[in-house]
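Understanding the architecture of this molecule
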Amino acid sequence: AQSVTQPDIHITVSEGASLELRCNYSYGATPYLFWYVQSPGQGLQLLLKYFSGDTLVQGIKGFEAEFKRSQSSFNLRKPSVHWSDAAEYFCAVAPGYGGATNKLIFGTGTLLAVQP
Amino acid sequence: DAGVIQSPRHEVTEMGQEVTLRCKPISGHDYLFWYRQTMMRGLELLIYFNNNVPIDDSGMPEDRFSAKMPNASFSTLKIQPSEPRDSAVYFCASSYPSTGNYGYTFGSGTRLTVV
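Let me begin by describing the structure that accompanies this report. (Residues numbered from 1 in each chain as written. Chains lettered and ligands numbered in written order. Predicted model: local features only at pLDDT ≥ 70, side-chain atom pairs only at ≥ 80, totals over all residues. Heavy atoms only, no water.)

As for the sheet that holds strand 1 (residues 5-7) of chain B
All names here are of chain B. The antiparallel open sheet is built from 4 strands, whose spatial order is 1-3-8-7. In this open sheet, the two edge strands, each paired with only one partner strand, are strand 1 and strand 7 (65-71). Across the sheet, the mean angle from the axis of one strand to that of its neighbour is 15 degrees, orientation sign disregarded. Pairing analysis gives 3 bridges linking strand 1 to strand 3 (residues 19-24), with the strands arranged antiparallel. When the sheet's bridge partners are listed, S7 is paired in strand 3 with R22. (Pairing = 2+ DSSP bridges. Helix = DSSP H or I, 4+ residues; strand = E, 2+ residues; numbered from the N terminus. Axes fitted to C-alpha atoms, helices over the stretch in contact; angles between N-to-C directions.)

Following this line, the structure appears as structure tokens:
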């Protein structure tokens, strides 16, 4: 069965520093990949998604992610973090074919704290 | 567009009581999902519907949980009887993948506390 691993439960970065959140997936084929952000007390908001094509995808709020098939990874990056980026980030995967292409499986999340 | 609307935002109930959570998906979206979020288990898919028909309910924890979607603009998740271990945030999400726009729009969630 497909799975998503986010190895970092909690990350702290300084404001203005760069950020990389890791995501690895386990799946036999190229899945659809997503990153969501959840602010406290809120629902999840889609940051970006990858289906095919260019392996570097741009999202909202200055985030980008790179799909690396050889490493089964889809890491999220931002060159300069703002205090408002403090939130929990979820990587998600869906099968890239078949009837369940719309069924997302979420990772356990990475909680990002931003120091002034 | 008002987005996915869930009600109530917070619910506190006593063990053994019936609880009903409500969701209004985005107009035109043909998939609706119910997720549960807890610290211990993260985000769990409970059930999802396509065109108001339940497609996969394998994530529903037990018979105390039931979900319906009587029409394209409304869904309910019911717990009867409720137990303290049901305390969690319940999210509804909708999507419209036939346009190629995979990915969900989430509601703000219902925080359920069973005492």
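That covers the picture; the talk isn't over yet.
Details of the state of the cysteines
Tallied over the entire structure, the rule returns 2 disulfides over all chains. For C23 of chain A, the disulfide goes to C91 of chain A, at an S-S distance of 1.9 Å. Taking the sign of the torsion about the S-S bond as the criterion, the disulfide between C23 of chain A and C91 of chain A, at about -65 degrees, is left-handed. On the criterion of sequence distance, the pair formed by C23 of chain A in the loop between strand 3 (19-21) and strand 4 (24-26) and C91 of chain A in strand 10 (residues 87-94) is long-range, its members being 68 residues apart. The disulfide bridge from C23 of chain B ends at C92 of chain B, spanning 1.9 Å between sulfur atoms. (Disulfide = S-S within 2.5 Å.)

With respect to unusual backbone geometry
A cis amide bond links S7 of chain B to the next residue, P8 of chain B, at an omega of -10 degrees. For P8 of chain B, the location among the structural elements is in the loop between strand 1 and strand 2 (10-13). Residue Q80 of chain B is joined to P81 of chain B through a cis peptide bond whose omega torsion reads -5 degrees. Note on placement: P81 of chain B falls in the loop between strand 8 (74-79) and strand 9 (88-96). Phi is positive for S72 of chain A, close to 50 degrees, though the residue is something other than glycine.

Observations concerning the layout of surface pockets
Looking at the largest pocket, its volume works out to about 580 Å³. In terms of lining residues, the largest pocket is bounded by 27 residues, among which Q38 and E88 of chain A together with Q37, T38 and M39 of chain B are the most central. The set of elements that each furnish at least two residues to the lining of the largest pocket consists of strand 10 of chain A together with strand 4 (31-38), strand 9 and strand 11 (110-114) of chain B. Of the residues forming the lining of the largest pocket, the biggest block, 3 residues, is contributed by strand 9 of chain B. For the lining of the largest pocket, the class distribution of residues is 9 nonpolar, 14 polar and 4 charged. A volume near 290 Å³ is recorded for the second largest pocket. (1 Å grid on protein atoms, 1.4 Å probe; cavity = no way out; pocket = protein on both sides within 12 Å on 5 of 7 lines; lining within 4 Å. Points joined across faces, edges and corners; volume = space filled by probe spheres on them. Nonpolar A, V, L, I, M, F, W, Y, C, P; charged D, E, K, R; others polar.)

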